[in-house]
Amino acid sequence: MKHKILLLGIGFWGRRWLELILKSGRCQLAGAAGSEDEMQEVCISYGINPAITFTDFRKAIARTAADIAVVVLPGVLHFEADRLALEKGMNLITEKPLAMNMEEAMELLRLKARYPLQRFMASQNYRWRPCNQAMKRAIDHGMIGRMESILLEFRQQEDLQGYRAGLEMPLLQDVSIHHFDLIRFFTGADCKETYCCVSRPSWSLYQGKPDTQAIFRMSNGVTVTYSGSWAARGKETSWDGNFTITGDKGCLTLDADGRVYFYKHEKADAVVLDTASQQGEEVGLPEMKYAEMEYGFHMFLDSVEQGDVPETTLEDNVKSFVMVMACLESAKRATVVDCDEMLRQYAR
C-alpha cells in the first residue's frame, strides 16, 4: 500500500520534494498547498489534479486524507502546520527551521509526546551526503583515534533571496543549523556551552551581521572552533564547510570538492623548519543508493513501515537547534551560554 503524502509549501525546496514524491513508487501525492500562482503552475508543469491542491495549508491539512505531511512552508508557519498535522494523526517530515524560537521548539516536544506512535523527523540532509558518511565511518572505525578537536570553516557569498536579506544574523539564522548538526553527527555528542560573536564586513550586501565566530564545548570533551562567513570574497568552501577533525592518531579533512583525506600523525624527531605540504591518504566515499533528501525520505518511509525511529527525530534535532539559539543569545549578550541550562529553562 502506497503512503499518501501531503506536501505543504511549493517554493524552491518544495519543488524538489514534489519531484521526489512523484518519482517514488512507494507513495502518492494526496494533496499540496502553496500560493495560487504556484499551484496553477505546478498543476500544469507536473500534471497534478487541481482538486487536491490548496492555497491555505490549514484547509489542506483538514481536508486531506494523508498519513505523512512534508512541511516546507516559510519558517514562521512551521509550528502551526506541525501542530495541526500531528493533531490530524499524520507523521511529519519538516524542513528547517525547526521552529522560530526555543518556546516553539519546546512546545513541539510537548505536543509530540501526546502522539508517541507518530513519526516526526527534521530533514538534516547534509548528514546523508557520501562525503559526510565517509567522515563518520572513518571516525567510528578509529582512524584518528580519540577525537579532541574540530576546526570548521565556512565561506560563501551572500544570498539575498527571500527573507534572508532582512535577517539580523543571516548565517546563524539560516545556514548554521546544518553545520551544527554535522558537528553533533561527527562527535556523537551534544553541545554543553558556547561563546559566539558576529560581525559585518564593510563590503557585505547584508544589513545584518553575516560573519560568525564560535567556540563549542561538547559533552564528550571535544572542542569545536567555528568560523563562518556568508559575505565571503575570493575563495569559497562548499555548503558543508571545510572540516579538520583531529585525534591522537592524526586528522581527517573535508575540502570544498567533497574529498575526504586522512593525515596520519608521524612523530617528528627534531624541530621541523621545512613547511612542505603533506600528502594525505584519500578516503573512499561509500556507494549510496540514495543520498541527501532522498536518503532521508526513504529512511522515513522505512521507519513508518517497520516501526523504527528515524535518525533525525524531533527530539534529536532540538539538540542541534539549541546550538543555534545559544549562539544567538551569546552574540547578543557577549557571554558564554550553557546549552543544558537553556533547555532546562524553556522546559519549565
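Quick look at the structure, then.

Quick notes on the rules
Residues numbered from 1 in each chain as written. Predicted model: local features only at pLDDT ≥ 70, side-chain atom pairs only at ≥ 80, totals over all residues. Heavy atoms only, no water. Axes fitted to C-alpha atoms, helices over the stretch in contact; angles between N-to-C directions. Helix = DSSP H or I, 4+ residues; strand = E, 2+ residues; numbered from the N terminus. Parallel < 35°, antiparallel > 145°, perpendicular 65-115°, else oblique. Left-handed = near helix turned anticlockwise from the far one by under 90°. Contact = heavy atoms within 4.5 Å. Expected span 1.5 Å × (residues − 1). Buried < 20%, exposed > 50% of the residue type's maximum accessible area, 1.4 Å probe, protein only. Polar contact = N/O pair within 3.5 Å; in protein donor to acceptor, adjacent residues only side chain to side chain. Pairing = 2+ DSSP bridges. Salt bridge = Lys/Arg side-chain N within 4 Å of Asp/Glu carboxyl O.

Before going further, it helps to examine the packing of helix 5 (residues 102–113) against helix 10 (residues 339–347). Packing of helix 5 against helix 10 brings their axes to within 9 Å, and their N-to-C directions diverge by 70°. By the criterion of interaxial angle, the relationship of helix 5 to helix 10 is roughly perpendicular. Judged by the twist between their axes, the crossing of helix 5 over helix 10 is right-handed. Where helix 5 approaches helix 10, its residues Met102, Glu103, Met106 and Arg110 are matched on the opposing element by Met342, Leu343, Tyr346 and Ala347.

On to helix 5, then. For helix 5, built from 12 residues, the straight-helix expectation of 16 Å at 1.5 Å per residue is met to within 8% by its first-to-last C-alpha distance of 17 Å. Those residues of helix 5 that fall on the buried side of the exposure criterion are Met102, Glu104, Ala105, Met106, Leu108, Leu111 and Lys112. On the buried face of helix 5, the contacting elements are helix 4 (78–87), strand 6 (120–122), helix 9 (314–333) and helix 10. Regarding helix 5, its N-cap is Asn101, as a side-chain oxygen of that residue lies 3.2 Å from the backbone nitrogen of Glu103 further along.

The parallel open sheet is built from 6 strands, whose spatial order is 3-2-1-4-5-6. The sheet terminates laterally at strand 3 (53–54) and strand 6, the two strands that pair on one side only.

Now for the pairing of strand 13 (residues 260–264). Bridging between strand 12 (residues 250–254) and strand 13 involves 5 bridges; their strand directions are antiparallel. Within strand 13, the residue paired with Leu254 across the bridge is Val260. Two successive antiparallel strands, strand 12 and strand 13, enclose a turn made up of 5 residues, where Gly258 displays a positive phi of approximately 75°. Strand direction decides the pairing type here: strand 13 and strand 14 (residues 281–283), joined by 3 bridges, are antiparallel. Pairing of Val260 across the sheet is with Val283, part of strand 14.

Read across the open sheet, the 9 strands follow the order 14-13-12-11-7-10-9-8-15; overall the sheet is mixed. In the strand order of this sheet, the two ends are held by strand 14 and strand 15 (337–338), each with one partner. Packing against the sheet, helix 6 (residues 130–140) makes contact with strand 7 (147–155), strand 11 (242–247), strand 12, strand 13 and strand 14, and its axis sits at approximately 170° to strand 12. This element, helix 9, spans strand 8 (191–199), strand 9 (211–218) and strand 15 of the sheet and lies at about 50° to strand 8.

Right, let's talk about the environment of Lys4 for a bit. Here Lys4 shows up in strand 1 (residues 3–8). For Lys4, a relative accessible area of 34% puts it in the partly exposed group. Between the alpha carbons of Lys4 and Gln28 there is a distance of 5.2 Å; along the sequence they are 24 residues apart. With residues up to four places along the chain from it excluded, the contact list for Lys4 reads Gln28, Ala30, Ala65, Ala66, Asp67 and Ile68.

So, on to the pattern of salt bridges. Between side chains of opposite charge, a pair can form as their charged atoms come close. The full count for this structure, using the stated rule, is 29 salt bridges. Ionic pairing is found between Asp302 and Arg26, a salt bridge with its closest N-O pair at 2.8 Å. Here Asp302 is found in helix 8 (residues 292–306), whereas its partner Arg26 is found in the loop between helix 1 (12–23) and strand 2 (27–33), with 276 residues between them in sequence. Bridged by salt links that share partners, the residues Arg127, Asp181, Arg184, Asp190, Glu311, Asp316 and Lys319 form one connected network.

Everything listed here is a matter of coordinates, which is why it stays silent on function.
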